[in-house]
Amino acid sequence: MKRRSIVLHTFRERASRETLLVLAAISTLILAGIALAVAAQADPLGTVVTVFGKPISAPLTAETLNDGVRQFQASFVGPLFFGIVLFGVLAGAGLLPSVLEKGIADVYFSKPIPRWYLLAGTFFGAVLAIAANTLWFFGGLWLIGGVKFGVWNAGLFPAA
């Protein structure tokens, strides 16, 4: 219970300092750019993929389109996952010093909790913030692929 409250406090602190919102805004801008740029147009021979209204492929069969969308999503996932984690680490760098500020540290250390609870709770709160942003980005990319192309790629999520 105590660890959970420390984790939730760290997550709320990241949200209140707008770090989480800035990361989500960056992810949302990237997703909006992708959503506005790509589209699929029906053709008698298959589906034509367009970028900004210009066709970039010959008509594709359903299987080829499926593979193409999965490759497209995979090309974004790697570099942007690295970017999200990098920004998350940079955003979480000030967590421990902020926990040790006068007033906050006094409250934590006045309760009978070990210091490693505080460190572990702060760590898992930062991981939760990064995971929320990563899930937001992957979910948006999955939704764009599904709505725009009809390809619902469950393999985009690590658990699938």
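It should be emphasised that the depicted structure is a prediction, and the values quoted were computed from it without experimental measurement.

Draft legend 1. Representation of the packing of helix 2 (residues 19-37) against helix 3 (residues 62-92) within the structure. It is at 11 Å that the axes of helix 2 and helix 3 come closest, and there the two elements cross at 165°. It follows that helix 2 is roughly antiparallel to helix 3 by the angle criterion. Along this stretch, helix 2 crosses helix 3, giving a crossing that reads as right-handed. Residues Thr19, Leu23, Ser27, Ile30 and Ile34 of helix 2 lie in contact with helix 3, whose contacting residues are Phe72, Phe76, Leu80, Ile84, Phe87, Gly88 and Ala91. The residue makeup of the contact of helix 2 with helix 3, split by class, is nine nonpolar, three polar and no charged.

Draft legend 2. Molecular detail of empty space enclosed by the protein. A complete count under the given rule lists two cavities of 30 Å³ or more for this structure. Its boundaries defined by the atoms lining it, the second largest cavity holds a volume of some 30 Å³. Lining the second largest cavity we find Val69, Phe72, Gln73, Leu141, Ile144, Gly145 and Phe149. For the lining of the second largest cavity, the elements supplying multiple residues, two or more each, are helix 3 and helix 6 (115-149).

Draft legend 3. Region of the structure containing the environment of Phe81. Positionally, Phe81 belongs in helix 3. For the pair Phe81 and Thr134, spaced 53 residues apart in sequence, the C-alpha to C-alpha distance is 7.0 Å. Apart from residues lying up to four places away in sequence, Phe81 is in contact with Phe76, Thr134 and Phe138.

Draft legend 4. Seen up close, a nonpolar patch on the surface. Taken together, the side chains of Val22, Ile26, Ile30, Phe82, Leu86, Phe87 and Leu90 make up a nonpolar region of the molecular surface, amounting to roughly 650 Å² of accessible area. Those elements that provide at least two residues to the nonpolar patch are helix 2 and helix 3. Among the elements that make up the nonpolar patch, the one with the highest residue count is helix 3 (four residues). In this fold, Leu90 is placed in helix 3.

Draft legend 5. Expanded view of the nonpolar core. Judged by nonpolar contacts, the single largest core of 16 residues is most densely connected at Leu65, Phe137, Leu141 and Phe149. At the level of secondary structure, the elements contributing two or more residues to this core comprise helix 2, helix 3 and helix 6. The dominant element in this core, judged by the number of residues it contributes, is helix 6, at five residues. Those residues in contact with Leu141 that sit more than four places away from it in its chain are Leu31, Ile34, Gln73, Phe76, Val77 and Leu156.

Draft legend 6. Representation of the environment of Thr50 in the model. Tracing the chain through its elements places Thr50 in strand 2 (residues 46-51). Assessed through its relative accessible area of 2%, Thr50 is described here as buried. Setting aside residues up to four positions removed in sequence, Thr50 forms contacts with Ala37, Val38, Ala39, Ala40, Gln41, Pro55 and Ile56.

Draft legend 7. View of helix 3. A rise of 1.5 Å per residue sets the reference length of helix 3, with its 31 residues, at 45 Å; its end C-alpha atoms lie 43 Å apart and thus fit the reference within 8%. Helix geometry: helix 3 is bent most strongly at Val77, by close to 25°, with proline Pro79 lying one to four residues after it.

Draft legend 8. Structural detail: the side chain of Asn133. By the element assignment, Asn133 lies in helix 6. In this structure Asn133 touches Leu23, Ala24, Ser27 and Ile84, once residues within four positions along its chain are discounted.

The rules behind the values
Residue indices follow the written sequence of each chain, beginning from 1 at its first position. Residues qualify for local features only when their pLDDT is at least 70, as the model is predicted, and side-chain atom pairs are given and counted only at 80 or more; totals for whole chains, interfaces and linings, by contrast, use all residues. In computing side-chain properties, one takes all heavy atoms of the structure into account and sets aside hydrogens as well as water. All axes are obtained by fitting lines to C-alpha atoms, using only the stretch in contact for helices, and the reported angles, taken between N-to-C directions, cover 0 to 180 degrees. Strands here are runs of E lasting at least two residues and helices are runs of H or I lasting at least four, both read from the DSSP assignment and numbered beginning at the N terminus. What sets the label is the angle itself: under 35 degrees gives roughly parallel, over 145 gives roughly antiparallel, 65 to 115 gives roughly perpendicular, and the rest give oblique. The hand of a helix crossing depends on one turn: near helix anticlockwise from the far one by less than a right angle means left-handed, and clockwise means right-handed. We call two residues contacting when some pair of their heavy atoms lies within 4.5 Å. Residues are grouped as follows: Ala, Val, Leu, Ile, Met, Phe, Trp, Tyr, Cys and Pro are nonpolar; Asp, Glu, Lys and Arg are charged; every other residue, Gly included, is polar. A cavity here means a set of points on a 1 Å grid, drawn over the protein atoms and nothing else, where a 1.4 Å probe fits but cannot get out; a pocket is an open set with protein on both sides within 12 Å along at least five of seven lines, and a residue lines either one if it has an atom within 4 Å of a point. Grid points are joined across faces, edges and corners, and a volume is the space filled by probe spheres set on the points. The patches reported here contain residues having more than 30% relative accessible area and no salt bridge. Joining distances are 9 Å for like charges and 5 Å for nonpolar side chains (Val, Leu, Ile, Met, Phe, Trp, Tyr). We get accessible surface area from the Shrake-Rupley algorithm with a probe of 1.4 Å; when it comes to residues, only the shown protein chains can shield them. The salt bridge criterion pairs a side-chain nitrogen of Lys or Arg with a carboxyl oxygen of Asp or Glu, the two atoms within 4 Å. To define a nonpolar core, start from buried Ala, Val, Leu, Ile, Met, Phe, Trp, Tyr and Cys residues and group those joined through side-chain atoms within 4.5 Å. Between buried and exposed lies partly exposed: a residue is buried under 20% and exposed over 50% of the maximum accessible area for its type, with that area taken using a 1.4 Å probe on protein chains only. Helices are assigned an expected span. That span is 1.5 Å times one less than the residue count. The seven residues ending at a residue and the seven starting there each receive a fitted axis; the angle between those axes is the bend at that residue.

The values are spatial; any link to function lies outside them.
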